[in-house]
Amino acid sequence: MESNLALAKCNGQIIAFTYRRLRKDDVLEGLYKYDIQSSDDGFEPASIRQHIMVNHWGSLVSRDPLPLDENGWLFLEENDFIQLPYLFVSQQEYKNLSEDTINELSRDDVKEEQHNAHHQI
């Protein structure tokens, strides 16, 4: 599957996501697949689980497992899920991101820099 995925920072980890529902067999070997559940208003990601049936917001892939609780949930607080604007990749590109690129994208000031660059254009 070669669709474009947006990059985001989820609990400090760089992940790739889509608003579509991914099936497990859509995901490249070596990546972890999760579904994202929206808040009740449907606009914000609220939690992550292996599979979401109700209020599906999107699906994500990660290079490392996410820290799910003992019941299989990761509940998101404000700023736990931050989309990195204008960054889209295929699953293969995401899987092959260098550690240097991951570290650069993980910096706390990246969002601020991208926000400022957008407003300078």
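Residues numbered from 1 in each chain as written. Predicted model: local features only at pLDDT ≥ 70, side-chain atom pairs only at ≥ 80, totals over all residues. Heavy atoms only, no water.

Visitor: Requested: an account of the pairing of strand β5 (residues 56-62), with residues and values cited.
Guide: Most of β5 is tucked away: 6 of the 7 residues are buried. Inspection of the sheet shows strand β2 (residues 13-18) paired to β5 by 4 bridges, in the antiparallel sense. Along β5, the bridge assignment pairs T18 with S59. (Buried < 20%, exposed > 50% of the residue type's maximum accessible area, 1.4 Å probe, protein only. Helix = DSSP H or I, 4+ residues; strand = E, 2+ residues; numbered from the N terminus. Pairing = 2+ DSSP bridges.)

Visitor: Can you lay out the side chain of S59 for me, pointing to particular residues and giving the numbers?
Guide: By secondary structure assignment, the location of S59 is in strand β5. There is a polar contact of 3.4 Å between the side chain of S59 and the side chain of H56. Ignoring anything within four residues of it in the chain, the contact list for S59 reads A16, F17, T18, R20, R21, L22, Y34, D35 and I36. (Polar contact = N/O pair within 3.5 Å; in protein donor to acceptor, adjacent residues only side chain to side chain. Contact = heavy atoms within 4.5 Å.)

Visitor: Lay out unusual backbone geometry in plain terms, naming residues and giving numbers.
Guide: Comment: phi is negative for the bulk of residues other than glycine, and the bulk of peptide bonds are trans. We note that N55 has phi near 60 degrees; this positive angle belongs to a residue other than glycine. By the element assignment, N55 lies in the loop between β4 (45-49) and β5. For N55, a relative accessible area of 35% puts it in the partly exposed group. A positive phi angle, close to 65 degrees, is found at Y86, a residue other than glycine. Mapping Y86 onto the fold places it in strand β7 (residues 81-89).

Visitor: Tell me what's going on with the sheet that holds β4, and back it up with residues and numbers.
Guide: What the 7 strands build is an open sheet, ordered β6-β4-β3-β5-β2-β1-β7; its pairing is antiparallel. In the strand order of this sheet, the two ends are held by β6 (74-75) and β7, each with one partner. One ladder, built from 4 bridges, connects strand β3 (residues 32-38) with β4; its direction is antiparallel. Bridged to I36 within β4 is I48.

Visitor: So, the packing of aromatic side chains: which residues are in play, and what are the values?
Guide: Using the criterion set out here, one finds 6 aromatic pairs in the structure. For the ring pair W73 and F75, a centre distance of 5.5 Å and an interplane angle of 15 degrees mean the geometry is stacked. For W73, a relative accessible area of 22% puts it in the partly exposed group. The rings of F17, Y19, W57 and F81 are connected pair by pair, giving a single aromatic cluster. (Phe/Tyr/Trp six-rings, centres within 6.5 Å; stacked < 30°, edge-to-face > 60°.)

Visitor: Tell me about the pattern of salt bridges, and please be specific about residues and values.
Guide: Counted by the stated rule, this structure contains 5 salt bridges. The shortest N-O distance in the salt bridge between R23 and D25 comes to 3.1 Å. Across this residue pair, the class does not change: R23 and D25 are exposed. Among the salt bridges present, the one from D35 reaches K33, with a minimum N-O distance of 3.1 Å. K33 carries the same exposure label as D35, and that label is buried. (Salt bridge = Lys/Arg side-chain N within 4 Å of Asp/Glu carboxyl O.)

Distances and angles like these do not, on their own, reveal function.
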